[in-house]
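# Survey of secondary and tertiary structure
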Amino acid sequence: MLYPCCCRAVREMLAQGVADPYCRFIPPAEFASMKKYDVTGVGLNLGTAEEYTKKTGRSLPQSAAADANGVWVVGLSKGSEADRAGMEQGDQLLQVADADLTGVSPFQAATLIAGPDDSSTSSPVNLRVRKADGRQVELTVQRPARSLASPVVSSMQQQSGDRQVGTIRLASFNARALRDVSAALSQLQQGGATELVLDLRDNRGGLVSEGLEVARLFLSDGVPIVLTQSKAMAAEPPRAGPAAATQLPLTVLVNEHTASASEILAGALKDNCRGVLVGKRTYGKGLIQSVYELSDSSGLVITVGKYLTPRGTDIDRFGIAPDFGSQPAARQAAEVLDACRLDAGQPPQQQQRQQLVVELAAANSSSSRR
């Protein structure tokens, strides 16, 4: 265990001898509190085969060298439930309870391991893993009792005309963000919402993986969500799926305290012309950092890259600039989005609407002549 004087000495050495100004040492007690961002809840850091090789600097185990897919243990916390159960870095996760993980993403696997978000008692979960020597073994990991507060508050307001504005306030990106935003979207759309407001003000971030998944609720057609500049990250950017959960018009509220995962989400929605940003320039926190646990349970944080928006804006250097300082009229928002699509080489919605009117008129004319 490091004493306070030793901690100060380590911090001074890092400050004077490392070019990375954000590299920092974390004492054991503080590092323990950081583990609340573990999505699995049992101390596992999961990733793809590519993420495993790049983050650890190791090759895949020989027994699985031909298997470039799957879910891999990139790292785990010493003394955690996963560590006590016998899991090791380099294990390939094959099954969680009765769920086969073929075609399942690391994030989805982590969610399966974590189980219900609100559980007053701990519960076991059975895992099947492939060890480095090729053996498949069954391990039982004890899920801890946990209760996560929902980061989402939603509401509906009727405005001028027939406008029904559904608002989703997202306060942080904990392990409930995706599930609760998705539920709020369904509820608002079923309630007759004609447009949406996503409020990211004062959202300082959290789990980047949750931010990416929330972005996929609004984006479609495989568009990129965020770019990375890092030797330790996959070159291919994370992308949206084929279809979004909603196509309703979208306004995103941001301010100077919108940071990290919130900026990734805001930048993705802005650069892909999905919605307009309203408010103030965001904080500007877009570094990619790796966290290493040391032998005495202290930690070391090292910057390994940075995030860029889909059109290349350096989030950490510039933040995300809003399109408007205050709520625009619908026409103004539409003009900004049309200009965005033109700039991106996409046909603007106005042209699509005009073409649809022409086609409908021609169809009606043809029908009346019969």
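Scroll up to find the structure this text is about.
Residues numbered from 1 in each chain as written. Predicted model: local features only at pLDDT ≥ 70, side-chain atom pairs only at ≥ 80, totals over all residues. Heavy atoms only, no water.

### Structural notes on the state of the cysteines
- On inspection of all chains with the given rule, the structure shows one disulfide.
- Put simply, C273 and C340 are joined by a disulfide, and their sulfur atoms are 2.1 Å apart. Of note, the bridge from C273 to C340 carries an S-S torsion of about -75° and is left-handed in sense. Within this pair, whereas C273 is found in the loop between helix 8 (261–271) and strand 15 (275–279), its partner C340 is found in helix 10 (residues 330–344), the two being separated by 67 residues in sequence.
- Using a relative accessible area of 2% as the deciding quantity, one classes C273 as buried. (Disulfide = S-S within 2.5 Å. Helix = DSSP H or I, 4+ residues; strand = E, 2+ residues; numbered from the N terminus. Buried < 20%, exposed > 50% of the residue type's maximum accessible area, 1.4 Å probe, protein only.)

### Some thoughts on the environment of R281
- Mapped onto the secondary structure, R281 falls in the loop between strand 15 and strand 16 (287–293).
- The spacing of R281 and T258 is 23 residues in sequence and 8.4 Å in space, taken between C-alpha atoms.
- For R281, the contacting residues outside a window of four places in its chain are N255, E256, F318, G319, I320, A321 and P322. (Contact = heavy atoms within 4.5 Å.)

### Re the pattern of salt bridges
- Overall, the coordinates contain 15 salt bridges when judged by the stated rule.
- Note that E88 is salt-bridged to K131, the shortest N-O span being 3.1 Å. With E88 in the loop between helix 4 (81–85) and strand 4 (92–96) and K131 in the loop between strand 7 (123–130) and strand 8 (136–143), the pair connects residues that are 43 residues apart, well separated along the chain.
- Relative accessible area serves as the criterion here: at 44%, E88 is assigned to the partly exposed category.
- As a salt-bridge pair, D343 and R311 come within 2.8 Å of each other at their nearest N and O atoms. With a gap of 32 residues between them, D343 in helix 10 and R311 in the loop between strand 17 (299–308) and helix 9 (315–318) connect regions that are remote in the sequence.
- It is possible to trace a salt-bridge network through shared partners that takes in E88, D91 and K131. (Salt bridge = Lys/Arg side-chain N within 4 Å of Asp/Glu carboxyl O.)

### Some points on helix 8
- With ten of eleven residues buried, helix 8 lies mostly within the body of the structure.
- All buried positions along helix 8 are accounted for by A261, S262, E263, I264, L265, A266, G267, A268, L269 and D271.
- Where helix 8 terminates, the next one or two residues include C273, which has phi positive at roughly 60°.

### Topic: the side chain of S80
- Its place among the elements puts S80 in the loop between strand 3 (71–76) and helix 4.
- A polar contact is formed between the side chain of S80 and the backbone oxygen of S77, at a distance of 2.7 Å.
- Leave out the neighbours within four places in its chain, and S80 touches V42 and G43. (Polar contact = N/O pair within 3.5 Å; in protein donor to acceptor, adjacent residues only side chain to side chain.)

### Observations regarding the pairing of strand 12 (residues 195–199)
- For strand 12, the tally of buried residues reaches five of five residues, placing the bulk of the element in the interior.
- Residues E195, V197 and D199 of strand 12 are buried on one face, and the alternating residues L196 and L198, pointing to the opposite face, are buried as well.
- Note: strand 11 (residues 164–170) against strand 12, five bridges, orientation parallel. The residue of strand 12 that forms the bridge with T167 is V197.
- Considered for its hand, the β-α-β crossover made up of strand 11, helix 6 (residues 177–190) and strand 12 is right-handed.
- Pairing of strand 12 with strand 14 (residues 250–254) involves four bridges; the strand directions are parallel. Across the sheet, residue V197 finds its bridge partner in strand 14, namely T251. (Pairing = 2+ DSSP bridges. Right-handed = clockwise from strand over helix to strand, strands pointing away.)

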